[in-house]
Amino acid sequence: MDLGLTGRWALVCAASKGLGLGCARALVAEGVNVVVNARGEAALLAAAAELRPINPLVEVRSVVADITTPEGRAAALEACPQVDILVNNAGGPPPGDFRQWQRSDWIAALDANMLTPIELIKATVDGMVERGFGRIVNITSGAVKAPIDVLGLSNGARSGLTGFVAGLARQPRLAARNVTVNNLLPGAFDTERLQKTMAAGAAKAGRPLESVRDQRRLGIPAQRFGNADEFGALCAFVCSSQAGYITGQNLLVDGGAYPGSF
Ligand code: NAD
């Protein structure tokens, strides 16, 4: 299927590794020019070097910046001639017990996982409306639908974004102008973040990493972790010209892990 995206421009945030990079790979393969962003220069340059040969016809620009800062967002936006596609992503907040969290911990989580996406949407959505095409995809978490107790900062901040998006996406000003806003909710994906989380869990419990990994994996009906390319493929479809009638949705990608009917 031709996704009808050739020549579009995308800003893919937090994209030197993991799910963000998976989305960038899929968009580049579909002929989308991308601006990829991350904080670490070496990993970001490596990611850009990996992206370019996927499709020599597209332009790949990289912006080293912390996307949760106003300066970082300005630099990322500046590098993108026009944002047709915005993939919002950033690192997830740390796990913990809410009794230990201070106001500053909550503000950091809200900044990264709620207010940064909202600021980037604010900066780009009106241009999308004017041009009659826009795709906004927020990478959130399966924890929005099935909260995980130790991820209270994530559950809270991402639910705030989800509520905001639910209202925004349904504004006829956007939806009737072919501008969609959707959230992708990853379950367990085999990225650096998941590997680090499992290694920390194994060390804390004094258990071998392999046994912690297997226990987690076997709790998923698919009996495996997801990979960033299958996540990216869904992102590319949600951004496609065919997906203009899909908006305001929370799409779980979790190998069947969420146990409910809806
Ligand atoms: P990852 O650690 O593999 O990659 C994160 C990427 O974000 C890296 O490129 C990193 O450099 C970049 N990044 C982090 N903070 C940034 C910032 N402030 N500014 C710019 N770039 C930044 O993580 P991942 O597994 O790809 O996860 C992506 C998002 O999805 C995270 O918010 C994570 O919490 C969420 N998530 C992941 C999973 C999973 O299983 N992997 C599950 C649920 C939710």
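Before going into details, it helps to say that this report is about the structure given with it.

Conventions we followed
Residues numbered from 1 in each chain as written. Predicted model: local features only at pLDDT ≥ 70, side-chain atom pairs only at ≥ 80, totals over all residues. Heavy atoms only, no water. Axes fitted to C-alpha atoms, helices over the stretch in contact; angles between N-to-C directions. Helix = DSSP H or I, 4+ residues; strand = E, 2+ residues; numbered from the N terminus. Parallel < 35°, antiparallel > 145°, perpendicular 65-115°, else oblique. Left-handed = near helix turned anticlockwise from the far one by under 90°. Contact = heavy atoms within 4.5 Å. Nonpolar A, V, L, I, M, F, W, Y, C, P; charged D, E, K, R; others polar. Pairing = 2+ DSSP bridges. Buried < 20%, exposed > 50% of the residue type's maximum accessible area, 1.4 Å probe, protein only. Polar contact = N/O pair within 3.5 Å; in protein donor to acceptor, adjacent residues only side chain to side chain. Arc of directions from axis to C-beta.

Taken N-terminus to C-terminus, the directions of helix H1 (residues 18-29) and helix H2 (residues 41-51) make an angle of 25°; their axes are 10 Å apart at the nearest point. Considered as vectors, H1 and H2 are oriented roughly parallel to each other. When you trace H1 past H2, the crossing you get is right-handed. In contact with Leu21, Ala24, Arg25 and Val28 of H1, H2 contributes Ala47, Glu50 and Leu51. Looking at side-chain class alone, the contact of H1 with H2 contains five nonpolar, no polar and two charged residues.

Let's shift gears to the sheet that holds strand S3 (residues 60-64). Here seven strands make up an open sheet; going across it, the order is S3-S2-S1-S4-S5-S6-S7 and the pairing parallel. Looking at which strands have only one partner, the edges of the open sheet turn out to be S3 and strand S7 (250-253). Direction aside, neighbouring strands of the sheet carry axes that sit 15° apart on average. Sheet topology places strand S1 (residues 9-12) next to strand S2 (residues 33-38); four bridges connect them, and they run parallel. Across the sheet, Trp9 pairs through a bridge with Asn33, a residue of S2. Against the sheet, H1 touches S1, S2, S3, strand S4 (85-88), strand S5 (134-139) and strand S6 (179-186), its axis set at about 170° to S1. Docked against the sheet, H2 engages S2 and S3, running at close to 175° with respect to S3.

Turning next to the packing of helix H4 (residues 103-131) against helix H5 (residues 152-169). In contact at an axis separation of 8 Å, H4 and H5 are set at 25° when each is read in the N-to-C sense. Our classification of the angle between H4 and H5 gives roughly parallel. Our pair here, H4 against H5, has a crossing hand that is right-handed. On H5, the residues touching Asp105, Trp106, Ala109, Leu110, Asn113, Met114, Pro117, Ile118 and Ile121 of H4 are Gly152, Leu153, Gly156, Ala157, Arg158, Gly160, Leu161, Phe164 and Leu168. When the residues that make up the contact of H4 with H5 are grouped by side-chain class, the tally is twelve nonpolar, four polar and two charged.

Considering the arrangement of structural elements, one finds Thr124 in helix H4. Taking the relative accessible area as the measure of exposure, Thr124 reaches 5% and is therefore buried. Along the primary structure Thr124 and Gln82 are separated by 42 residues, whereas in three dimensions their C-alpha atoms are 8.4 Å apart. Those residues in contact with Thr124 that lie beyond four places of it in its chain are Leu77, Val83 and Leu86. A distance of 2.8 Å separates a polar side-chain atom of Thr124 from the backbone oxygen of Leu120.

Here we take up helix H3 (residues 70-78). Among the residues making up H3, those that are buried are Gly72, Arg73 and Ala76. Taken around the axis of H3, the buried residues stretch over an arc of 95°, which confines them to a single face. Along H3, the residues that are exposed and aim more than 90 degrees away from the buried face are Pro70, Glu71 and Glu78. Contacts from the buried residues of H3 go to S1, S2, S3 and H4.

Any link to function would need more than the numbers given here.
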